[in-house]
Amino acid sequence: QVQVVESGGGLVQPGGSLRLSCAASGSIFSIYAMAWYRQTPGKQRELVAEETDSGLTTYAEAVKGRFTISRDIAKNTVFLQMNNLEPEDTAVYYCKADLTVASWVPTRPYWGQGTQVTVSS
């Protein structure tokens, strides 16, 4: 059994900062990548940032220079530091872990339940 749990969402004023955390736990053999996605009502879930086990990072254009993803590989944890937040960043933020539970099992994505981020004055 694998669990992915996010925390750290909330209400913040424009220009403010938030730090999201996500921890994967359970019967994990290896994690290839961890990522943050976000979704607003009526829209598709979109990639915000991703970091692979080799340290390769990818960011959505809308968040480059404002958001930073980081991982604590030993603790199966990923963080998203969000600075200079804008109302357009308001969304439910989801954590995804691409992992395998055994060496012979293919890697697959595991999703968290999401955490709400609201940017408003």
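Residues numbered from 1 in each chain as written. Predicted model: local features only at pLDDT ≥ 70, side-chain atom pairs only at ≥ 80, totals over all residues. Heavy atoms only, no water.

*Asks:* Would you take a moment to explain the overall build of the protein for this structure?
*Replies:* Assigned secondary structure in the protein consists of 0 helices and 11 strands. Counting from the amino terminus, the protein carries its helices and strands in the arrangement β-β-β-β-β-β-β-β-β-β-β. Taken against the 2.2 N^0.38 rule, which gives 14 Å for 121 residues, the C-alpha radius of gyration of the protein at 14 Å falls within 12% of a compact globule. Across its three principal axes, the protein shows a C-alpha extent of roughly 50 × 25 × 25 Å. Of all 121 residues assigned to the protein, the portion counted as buried reaches 41%. Considering only intrachain contacts with a sequence separation of at least 6, the fraction spanning at least 24 residues in the protein is 55%. Summed over its atoms, the accessible surface of the protein is roughly 6,500 Å², and 49% of this surface lies on carbon and sulfur atoms. Placing the 10 positive and 11 negative side-chain charges of the protein at their respective mean positions leaves the two points 3 Å apart. (Helix = DSSP H or I, 4+ residues; strand = E, 2+ residues; numbered from the N terminus. Rg over C-alpha atoms; globule rule 2.2 N^0.38 Å. Buried < 20%, exposed > 50% of the residue type's maximum accessible area, 1.4 Å probe, protein only. Contact = heavy atoms within 4.5 Å. Areas by Shrake-Rupley, 256 points an atom, 1.4 Å probe, with all protein chains shown as cover. Lys, Arg positive; Asp, Glu negative; His and termini not counted. Charge placed at Lys NZ, Arg CZ, Asp CG, Glu CD.)

*Asks:* Hey, could you run me through the pattern of salt bridges in this one?
*Replies:* A side chain with one charge may pair with a side chain of the opposite charge, provided their charged atoms come close. Counted according to the given criterion, the structure contains 6 salt bridges. One salt bridge connects Arg38 with Asp89, and the closest N-O pair in it is separated by 2.9 Å. In this pair, Arg38 sits in strand S4 (residues 30–39) while Asp89 sits in the loop between strand S8 (77–82) and strand S9 (91–100), placing the two residues 51 residues apart along the sequence. Note on accessibility: Arg38 and Asp89 belong to one class, buried. Between Lys64 and Glu61 there is a salt bridge, with the nearest N and O atoms lying 2.7 Å from each other. Since its relative accessible area comes to 45%, Lys64 is described here as partly exposed. Members of the salt-bridge network, linked through shared partners, are Arg38, Glu46, Arg66, Glu86 and Asp89. (Salt bridge = Lys/Arg side-chain N within 4 Å of Asp/Glu carboxyl O.)

*Asks:* Could you clarify how one ought to interpret the pairing of strand S5 (residues 46–52) in this entry?
*Replies:* The two faces of a sheet get side chains in turn, since along a regular strand they alternate between them. Across the 7 residues of S5, 5 count as buried, placing the element largely inside the fold. Note that S4 and S5 share 6 bridges and pair antiparallel. Residue pairing in the sheet places Trp36 in a bridge with Ala49 of S5. Between S4 and S5, which pair antiparallel one after the other, the connecting turn spans 6 residues, and Gly42 there sits at a positive phi close to 80°. (Pairing = 2+ DSSP bridges.)

Purely spatial values, then, with no claim about function.
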